[in-house]
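Geometric and topological summary
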Amino acid sequence: MKESSAESLDSIVQSNWSPLAVKDVKVVLQKEKSDGISSPSRDDDSTLQNPGTHSSILDENRKSQLGIPEGRNKSPGLCFSDGKCLIDYILVYRKSSSQSEKREIFERNIRAEGLRMEKEACLTNSDVIFLKLHAPWDVLCRYAELMNIRMPFRRKIFYMHRRHKFLSRMEKRINKFRGWLPRKPMKFDDDTLPYLEENESFTAPFSRSRIHHFIIHNKDTFFNNATRSRIVHHILQRVKYEEGKNKMGINRLLTNNSYEAAFPLHEGSYHSKNSLRTHGAENHRHLLYECWAWWGVWYKYQPLDLIRRYFGEKIGLYFAWLGWYTGMLFPAAVVGLFVFLYGVFTLEHCQVSKEICQATDTIMCPICDQYCPYLRLSDSCIYAKVTHLFDNGATVFFAVFMAVWATVFLEFWKRRRAVLAYDWDLIDWEEEEDEIRPQFEAKYSKKERMNPISGKPEPYQAFTEKYSRLLVSSSGIFFMILVVIAAVFGIVIYRVITVSTFAAFGWALIRNNSQVATTGTAVCINFCVIMLLNVLYERVALFLTNLEQPRTESEWENSFTFKMFLFQFVNLNSSTFYIAFFLGRFTGRPGAYLRLINRWKLEECHPSGCLIDLCMQMGIIMVLKQMWNNFMELGYPLIQNWWTRQRLKREHGHIPKASLPQWERDYNLQSMNAYGLFDEYLKMILQFGFTTIFVAAFPLAPLLALINNIIEIRLDAYKFVTQWRRPLPSQAKDIGIWYGILEGIGILSVITNAFVIAVTSDFIPRLVYAYKYGPCAGQGRAGEGCMIGYVNASLSVFRVSDFEKRSQPRTDGSELFEEAVKYCRYRDYREPPNSAEQYTYTLQFWHVLAARLAFIIVFEHMVFAIKTLIAYLIPDLPKDLRDRMRREKYLIQEMMYEAELERLQKEKDEKKKKDRPHHKEWP
């Protein structure tokens, strides 16, 4: 009995099934002719709803009569002219387009797939036509089953672990104590955000044969707007527009300008005259603006479930990652601020800065040829104090902390992503096989081979050609990296030349601070060069990626992402690497300087050290880069949309925005950039690199990143909700290739911070002096008292008469020191001029070098061991989530089985009632 009823149910389903494969053009045309469907001519507007007028926008009385769902009747332009069919997708084209034949066939095949269409002319441009698409209930069900879309079918039963009585009593007391505390200000009220039923229900892949299992209160709202748009886009991607094996898809029609735009509609206006608290939200877009994009809620948590429902899982995961990254920056920013404040509070007790400030009799050698004068070491007092703010005893601890922080951030993001994937039903979701790119198909259409997965013939790229293209592309990448190095070389030459120019400057402020002025101007010029090269790199990366001819869109996206990240990372950090590891390291010594092209003397570090240059480089680049990014994030779209409104105002006079239908208002917005979320991820990943790679030299980097990200979240939210057309909701399980890049940056940060502490800062020379050469030598301790005499020990002596002729200063220093200078000091560990081996390295130099190398090895191994241990101890999946998944899988199987038994029992009882004999009474 069970088998027969099940077979009958399957036969009913098969009888109602319509072909889902892409229809051949000839078949469709024959079907239309046989059915008597007249195809519209090339420029026929017979399907337009009153062209040139706005008759499809209904008044409130008519809408209430037609029963439009509440929430949509307050914003015109969300339904067909009948007021019932919801608009699921909009296609835009121009009547003057030369691709009308392809468009005509495409629209016939859309109609054959079951979608309903309606055209309407633009109010502000009669050449623009809007094609509105609606998917009926049977089409939605058919494709939801085909796409394995998970839908709610039972309310969740939350399983609680059995707890010990003591733990239960403790939990009650804690909850009672929490009740006395004020409500968390970062959370929204429960009545502010809507109840999303799919988040509190078990879900299963939709099946028409088991449709009675699913929770369907209303057919119009069972599939939300994002799901409806995704289904329609799935259909549009597989509809043919021309005879041929792969002549299909809306993307190809957008490429050849058959259509100008394709997008789902926003759910009305994001503004409302009424208060959200008193009248509620007009629609989800209005709710997102009030609870997410409005600047007044900058301190609130993001409504991730609502973002996911409106924009899809891919965009929802981006904002979840951005929010998680911003939250994890709080401890890093606090610790970095404490390190900085530790330097502030210990500044008065720093022996090194005291000795520099008191060294009025110590004469330093000129830092450039001829024009630079002799200086007192005490002139560097301010720079020595500033250096101590960033280079102090807590710097090593902070470097280790940030390396561990990066690992904890990535490991806990895995757990957070697993929770989101569970809540959003992405655990079992598998990405569909990507379509072959049209460019790849056109290039290799003559060579085919069988696809091992689908079993269908497809274009094939030969092994030799593939790797020859990769070789050419790799050569292009290498050449562009050489261009970056050349730009850095140009900045180095600028610094070398300018320091002499500023030393001879007429303005005393510039002349006395020539090295700082050189560094500041060089950083600003470097920033301008970075921004200009970024534009070039985008075009080069696009060219090289297209040259490789990737087979699918995902392969193209991964290749382009890697190139753009590599280019911009090298471009942004090359000058910083130079300052950190090369500036002042290979200059030689007075009397024997190393020179560029045997002409320019290489730049030296400031008498107080090289770290001040690195701090200035990082601070200026980071602040300017973030300000520029924020302007391009919001300022550019705002200016573009303002310009569009002004153009429409000049051409058509003042048109109230509310009088325009929703599709026309959305059409006037900016479309999401061609690379999707690429730009959003790229700038955050580059910021992550800046925050971690050189953080030992700039502990305030996490604080600046935190402030920027708090602004960035609201800027992105405002842009998505108000300035951009609604992007197509799409699914994703994680952040893709960016996670691997983050792990690579985390590994690189350990190496760079080890070198910054050992090479750039004076931490190791001070340590060696305290334990080996200072007053506390051999006592096994190191404190500020042990640093007495360090400055004198770190400076070597040079006899002025040994200067090269081209390095000889123009003045002998008598105007500053009352007599001609005979000896000057410079930063190095060399023998004095009266020694038997004059100007050779001292034993202290080799001790410091050995200590630096030992520190790098010990630091790297220790930090990598800690990172590996933390990654091992933190499981990717929380234990309670794993138990819930197993529990719910069991409950779903039980519910399905019980529901099927209940249905079969009900059918059996009904059949018995029909077969029961009826006893008729005789009159």
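A brief report on the enclosed structure follows.

Reading guide: rules and limits
Residues numbered from 1 in each chain as written. Predicted model: local features only at pLDDT ≥ 70, side-chain atom pairs only at ≥ 80, totals over all residues. Heavy atoms only, no water. Helix = DSSP H or I, 4+ residues; strand = E, 2+ residues; numbered from the N terminus. Buried < 20%, exposed > 50% of the residue type's maximum accessible area, 1.4 Å probe, protein only. Contact = heavy atoms within 4.5 Å. Areas by Shrake-Rupley, 256 points an atom, 1.4 Å probe, with all protein chains shown as cover. Expected span 1.5 Å × (residues − 1). Polar contact = N/O pair within 3.5 Å; in protein donor to acceptor, adjacent residues only side chain to side chain. Disulfide = S-S within 2.5 Å. Patch = residues over 30% accessible without salt bridge, like charges linked within 9 Å, V, L, I, M, F, W, Y side chains within 5 Å. Salt bridge = Lys/Arg side-chain N within 4 Å of Asp/Glu carboxyl O. Core = buried A, V, L, I, M, F, W, Y, C linked by side-chain atoms within 4.5 Å. Pairing = 2+ DSSP bridges. Axes fitted to C-alpha atoms, helices over the stretch in contact; angles between N-to-C directions. Phe/Tyr/Trp six-rings, centres within 6.5 Å; stacked < 30°, edge-to-face > 60°. Lys NZ or Arg CZ within 6 Å of the ring centre and 35° of its normal.

Here we come to the overall build of the protein. The number of helices and strands found in the protein is 31 helices and 16 strands. The burial tally for the protein puts 50% of its 923 residues in the buried class. Partitioning the intrachain contacts of the protein with sequence separation of at least 6 by distance along the chain shows that 77% fall at a separation of at least 24. As presented, the protein carries roughly 46500 Å² of accessible surface, and 58% of it is formed by carbon and sulfur atoms.

Here helix H8 (residues 225-236) spans 16 Å end to end across twelve residues, near enough to the 16 Å set by a 1.5 Å rise per residue. Across the twelve residues that make up H8, a large majority, twelve, are buried. Where H8 is concerned, the buried positions are Asn225, Ala226, Thr227, Arg228, Ser229, Arg230, Ile231, Val232, His233, His234, Ile235 and Leu236. One side-chain oxygen of the residue at the start of H8 lies 3.2 Å from the amide nitrogen of Ala226, identifying that residue as Asn224.

The subject of this paragraph is the state of the cysteines. Scanning all chains against the criterion turns up three disulfides. Between the sulfur atoms of Cys357 and its disulfide mate Cys381 the distance is 1.9 Å. Taking the sign of the torsion about the S-S bond as the criterion, the disulfide between Cys357 and Cys381, at about 80°, is right-handed. Taken as a pair, Cys357 in helix H14 (residues 351-358) and Cys381 in helix H15 (residues 381-390) lie far apart in primary sequence, 24 residues in all. A relative accessible area of 23% means that Cys357 is categorised as partly exposed. Relative accessible area serves as the criterion here: at 16%, Cys381 is assigned to the buried category. Disulfide partner of Cys776: Cys786, at an S-S distance of 1.9 Å. Looking down the S-S bond of the Cys776 and Cys786 bridge, the torsion is -85°, so its handedness is left-handed. Of this pair, Cys776 sits in the loop between helix H27 (763-773) and helix H28 (790-793) while Cys786 sits in the loop between H27 and H28, placing them ten residues apart in sequence. Exposure class is identical for Cys776 and Cys786. Each is buried.

Where nonpolar side chains cluster on the molecular surface, the patch consists of Tyr773, Tyr841, Leu843, Trp846, Leu849 and Leu853 and spans about 580 Å² of accessible area. Ranked by residue count, the leading element in the nonpolar patch is helix H30 (residues 843-873), at four residues.

Moving on, we get to the nonpolar core. With 150 residues, the main nonpolar core has Trp292, Phe311, Trp321, Tyr325, Trp405 and Phe859 as its most contacted residues. Per element, the largest residue contribution to this core is 15 residues, and it comes from helix H13 (residues 313-345). If we skip the residues at most four places from it in the chain, Trp292 touches Leu287, Val297, Gln302, Pro303, Ile307, Phe311, Phe319, Ile713, Arg714, Ala717 and Val721.

Below, the discussion takes up the pattern of salt bridges. Going through the model one piece at a time under the given rule, you end up with 25 salt bridges. A salt bridge links Lys102 to Glu242, with the nearest nitrogen and oxygen atoms 3.9 Å apart. Placement of the pair is Lys102 in helix H4 (residues 100-112) and Glu242 in the loop between H8 and helix H9 (250-255), with a sequence separation of 140 residues. What makes Lys102 partly exposed here is its relative accessible area of 23%. One salt bridge connects Lys719 with Glu680, and the closest N-O pair in it is separated by 2.9 Å. Residue Lys719 is found in helix H25 (residues 701-723), and its partner Glu680 is found in helix H24 (residues 678-693); the two are separated by 39 residues along the sequence. Like Glu680, Lys719 is buried. Linked through salt bridges whose partners overlap, the residues forming this network are Glu680, Lys683, Glu712, Asp716 and Lys719.

Bringing the sheet that holds strand S1 (residues 89-94) into the picture now. The strand order S2-S3-S1-S6 describes an open sheet built from four strands, whose pairing is antiparallel. In the strand order of this sheet, the two ends are held by strand S2 (116-121) and strand S6 (261-263), each with one partner. Pairwise comparison of adjacent strand axes, ignoring direction, gives a mean angle of 20° for this sheet. Where S1 meets strand S3 (residues 128-134), six bridges bridge the pair, whose relative direction is antiparallel. Within S3, the residue paired with Arg94 across the bridge is Val128.

Overall, the coordinates contain 51 aromatic pairs when judged by the stated rule. With centroids separated by 5.0 Å and ring planes inclined at 80°, the aromatic side chains of Tyr318 and Tyr681 adopt a geometry described as edge-to-face. Note that Tyr318 is positioned in helix H13 and Tyr681 in helix H24, a separation of 363 residues in sequence. Each member of the pair, Tyr318 together with Tyr681, is buried. For the ring pair Phe582 and Phe586, a centre distance of 6.2 Å and an interplane angle of 35° mean the geometry is tilted. Just above the ring of Tyr310 sits the side chain of Arg726; from NZ or CZ to the centre is 3.8 Å. The side chain of Arg830 reaches across the aromatic face of Tyr841, ending 4.3 Å from its centre.

That's the geometry; what it means functionally is another story.
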